Amino acid sequence: MMVQYKVTVATGSFFLSGTNDSISITLVGERGQSPKKLLDNYGDDFAMSSVGEYHVEAEQDLGRILLVRLHKEPFSVFPEDSWYCNEVTVETPSGEFFRFPCYRWIEGYITVELREGKAKLIFEDDQPLLLKHREAELKRNQASFRWKAYPGAPWKLDVNTLDDLDSDNKFSLVKITALGLTREASTLELQLKGLLNLKESWKSFEEIERVFGKKKTEIPDYVVHHWKEDTFFGYEFLNGPNPMQIHKCTDIPPNFPVTDEMVKYSLGNHTSLHDELQKGNIFIADYEVLEGFPANVIRGQQQYIAGPMCLLYKTPADDIIPIAIQIGQTPGPENPIFLPSDSELDWTLAKLWVRNTDFLVQQAHVHYLGTHLFAEVILVSILHQLPSCHPVYKLLFPHFHTTFYSNMIAETKLVLRGGTFDECAAIGSDRFCECIKRGLQRLTYTVLCAPDNFASRGVDKLPKYYFRDDSLKMWSAIESFVSSIIDCYYQDDSSVQRDSELQAWVDEIFTRFFLSSESSGAPSALKTLAELVKYLTMIIYTCTAKHATVNNSQFDFFSWMPNGPATMKHPPPKAKGTATMENILKTLPEVDLTCRIVVLLWMQTRTVPDKIPLGHYPNQLFTEEKAEQCIKAFQERLSKISAEIQKRNQDLPLKYYYQDPPLVENSVAM
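Given the structure is predicted, the values throughout are model-derived calculations rather than measurements.

Chemist: Kindly report on the sheet that holds strand β13 (residues 282-286), identifying the contributing residues and their values.
Modeler: The antiparallel open sheet is built from 5 strands, whose spatial order is β12-β13-β16-β17-β18. In the strand order of this sheet, the two ends are held by β12 (246-248) and β18 (337-338), each with one partner. Pairing analysis gives 6 bridges linking strand β16 (residues 309-314) to strand β17 (residues 320-326), with the strands arranged antiparallel. The partner of C310 across the bridge, within β17, is I325. Here helix α6 (residues 260-267) sits on the sheet in contact with β16, β17 and β18, set at roughly 155 degrees to β17.

Structure, rendered in structure tokens:
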């Protein structure tokens, strides 16, 4: 007697996700498998957004359905047509219901095996067929996603062009089109002004303002009008594109010989540098990471890079202001300490050197290394070591939507020879890898874990630090969500230790990103549930809230070029009293380079139509109700955080919204 199963097949809902190819199915159960069945109803099967219902017969009860096989084959004379399959569901004659998530492109004439959607750890799999399936999946991924080594730097996916990526790792057509239109619109606007071909220095700050000063949004407009102010200069160390540079200073470094007399102008007559150090009111931003770094040559002209040190003071009004700047790391007569009491032009030039170095560190270390390259290593390691049925895979994979494609765009269009950064910034393509190496040597597990980072820098109680406040809220929400998911699948510390796939994944990240450096503090294995939760929280936070902060703030703060010049054409001054408006303008990037950087920043930070906000999971990889409840609780927690941020912002002269959950993308996407 034949046994009948009801099968539904859901096709993706975006443009070109349907197919004209023939699709057949085989059901594989504990007791056998069904004959291959062509899925063919009256009308157009597998069209965009369609959910087709079919009946599949077997000669006997197949028991628990373990796998479905989708066979994609030619149809008539039509050429091969890619298909995006969302999922397959199977209902047995007894009413049991099985979901088989897919959420991927199926290209070519192939057979694809989908596993039933319940998350399973390797030691829980009791079926040899399923163990073989998870092993085969990892072998395929390891062959498809190969490593490429960069000595002293994180390893990368071994691809050379965008075309080398498969469809699952490319942007959707919507996003590609949006990025293209944004770049074309911005470029066209500047071309119409005749600026992209103007290879000469700006004549005045007023001229720059005439071109870039009429901002239509709040923060860029504020930057244009307040960038010279010391209070705003200090504010950026807390809430600008690089809000992780500032540390509490308990002792003045020996190579930064600031004296009481120097800072008396800033501190006033009723206190001293020693007293303010004791009170915890002195902070420092030290850019030694770029000291002595070889600078780029742009159009035959040598550029310059410095490693400045900036001493900062928390005033009684709770503002952070700069009180001393040394542009190089080695003190001496030709490396003076600049002060707010110096001439306005001397002080402005010193601050410009700090802003230039902050731009470079933000772009190369904080943004590219600390989010994009980090995410790429995590994703390749997931594909190598965690099968799609693993709960950690299901938890993390949505946070890497188009990560490969984003990184390839960054590498080919920005970083490599001929890219915007190579041709317009002080760090060129030939030295960029060396710059990444320097950053990696200082990137520790403590830096990546937000609560530990703030505590280690001594800024956990610093007022008006909205980045910190929002980061801790987001970290806590992500941590609670991760913990609830992990509790669904791991019973105790022993289950973490027994999970061989998880341990191999952590070890691969340790070797491929942290380069097996014990001094990084990064784990090479996880022993407890608490360690696992912290590790996963760190990854999701980095790929969402942290990336949103350092990426989305770039145009707001750096599109006003004097607030973040990409390069400096003259060396740092060797004496006070030498700065003039003419040599300041000749030190800053030329008109065309300024325009190209602004176009780049605009393109990187624009919102695109298919953005997936944090906490939203349109691809339902988890099929268990308990996991869906965890996601719902996470969304509710994020809604509360959003309300708190919006309420806080009502009273701020400059709103801070980079970690407002609806504005945080669910992955490192641009």
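Structure shown, so let's carry the discussion forward.
Chemist: I'd like to hear about the sheet that holds strand β8 (residues 97-106), residue by residue, with values.
Modeler: Ordered by their spatial adjacency, 4 strands build an open sheet running β5-β1-β7-β8, and the pairing between neighbours is antiparallel. The sheet is open, and its two edges are formed by β5 (51-58) and β8, each paired on a single side. Strand-to-strand twist of the sheet, defined as the mean angle between neighbouring strand axes without regard to direction, takes the value 20 degrees. Pairing of strand β1 (residues 3-11) with β5 involves 8 bridges; the strand directions are antiparallel. Across the sheet, residue Y5 finds its bridge partner in β5, namely V56.

Chemist: Can you lay out a nonpolar patch on the surface for me, pointing to particular residues and giving the numbers?
Modeler: A contiguous nonpolar surface patch, about 340 Å² in accessible area, is contributed by F15, L16 and M48. With respect to the secondary-structure elements, M48 resides in the loop between β4 (37-38) and β5.

Chemist: So what's going on with empty space enclosed by the protein? Residues and values would help.
Modeler: Enumeration according to the criterion identifies 4 cavities of 30 Å³ or more in this entry. There is about 180 Å³ of room inside the largest cavity. Lining of the largest cavity is provided by 14 residues; of these, Q363, Y368, A410, L414 and Q604 occupy positions nearest its centre. When residues of the lining of the largest cavity are traced back to their parent elements, those giving at least two are α8 (344-385), α10 (403-415) and α21 (591-605).

Chemist: Run through the pattern of salt bridges, naming residues and quoting values.
Modeler: Within this structure, the stated rule accounts for 35 salt bridges. Among the salt bridges present, the one from R355 reaches E236, with a minimum N-O distance of 3.1 Å. With R355 in helix α8 and E236 in helix α5 (residues 230-239), this pair connects stretches of sequence that are 119 residues apart. Within the structure, one salt-bridge network assembled from shared partners comprises R115, D125, R134 and E501.

Chemist: Could you give an account of the nonpolar core, with specific residues and numbers?
Modeler: Of all hydrophobic cores here, the largest spans 161 residues; its most connected members are I246, L396, Y490, W505 and I539. Considering every element that reaches this core, the biggest residue donor is α8, with 22 residues.

Chemist: Provide a residue-level description of the packing of aromatic side chains, including the pertinent values.
Modeler: For the structure on display, the rule yields 35 aromatic pairs. Look at F454 and F467: their rings are 5.7 Å apart centre to centre, the planes differ by 70 degrees, and that puts the pair in the edge-to-face class. In this pair, F454 is assigned in helix α14 (residues 450-456) and F467 in helix α15 (residues 466-489), connecting sequence segments 13 residues apart. Neither residue differs from the other here; F454 and F467 are each classed as buried. With a centroid separation of 6.1 Å and 35 degrees between ring planes, the pair formed by F481 and Y617 is classed as tilted. Taken together, the residues F481 in helix α15 and Y617 in the loop between α21 and α22 (625-649) connect sequence positions 136 residues apart. When sorted by exposure, F481 lands in the same class as Y617, which is buried.

Chemist: Run through the packing of α8 against helix α18 (residues 529-552), naming residues and quoting values.
Modeler: Taken N-terminus to C-terminus, the directions of α8 and α18 make an angle of 145 degrees; their axes are 10 Å apart at the nearest point. Of the two elements, α8 crosses α18, and the hand of that crossing is left-handed. Mapping the contact onto sequence places Q362, V366, H367, G370, T371, H372, F374, A375 and I378 in α8 and M538, I539, T542, C543, K546, H547, V550 and N551 in α18. Split into classes, the residues belonging to the contact of α8 with α18 amount to 8 nonpolar, 8 polar and 1 charged.

Chemist: Quick rundown of the packing of α15 against α22? Include the residues and the values.
Modeler: The contact between α15 and α22 brings their axes to 9 Å, and the two run at 170 degrees. The orientation of α15 relative to α22 falls into the category roughly antiparallel. Of the residues belonging to the contact of α15 with α22, the class tally is 15 nonpolar, 3 polar and 6 charged.

Chemist: Outline the confidence of the model for the protein, listing residues and values.
Modeler: For the protein, the mean per-residue pLDDT works out to 92, and 94% of the residues sit at or above 70. In the predicted structure, residues 169-179 sits below a pLDDT of 50 and forms 32 contacts with residues beyond four places in sequence or in another chain.

What counts and how
Residues numbered from 1 in each chain as written. Predicted model: local features only at pLDDT ≥ 70, side-chain atom pairs only at ≥ 80, totals over all residues. Heavy atoms only, no water. Pairing = 2+ DSSP bridges. Helix = DSSP H or I, 4+ residues; strand = E, 2+ residues; numbered from the N terminus. Contact = heavy atoms within 4.5 Å. Axes fitted to C-alpha atoms, helices over the stretch in contact; angles between N-to-C directions. Patch = residues over 30% accessible without salt bridge, like charges linked within 9 Å, V, L, I, M, F, W, Y side chains within 5 Å. Areas by Shrake-Rupley, 256 points an atom, 1.4 Å probe, with all protein chains shown as cover. Salt bridge = Lys/Arg side-chain N within 4 Å of Asp/Glu carboxyl O. 1 Å grid on protein atoms, 1.4 Å probe; cavity = no way out; pocket = protein on both sides within 12 Å on 5 of 7 lines; lining within 4 Å. Points joined across faces, edges and corners; volume = space filled by probe spheres on them. Core = buried A, V, L, I, M, F, W, Y, C linked by side-chain atoms within 4.5 Å. Buried < 20%, exposed > 50% of the residue type's maximum accessible area, 1.4 Å probe, protein only. Phe/Tyr/Trp six-rings, centres within 6.5 Å; stacked < 30°, edge-to-face > 60°. Left-handed = near helix turned anticlockwise from the far one by under 90°. Nonpolar A, V, L, I, M, F, W, Y, C, P; charged D, E, K, R; others polar. Parallel < 35°, antiparallel > 145°, perpendicular 65-115°, else oblique. pLDDT = per-residue confidence, 0-100.

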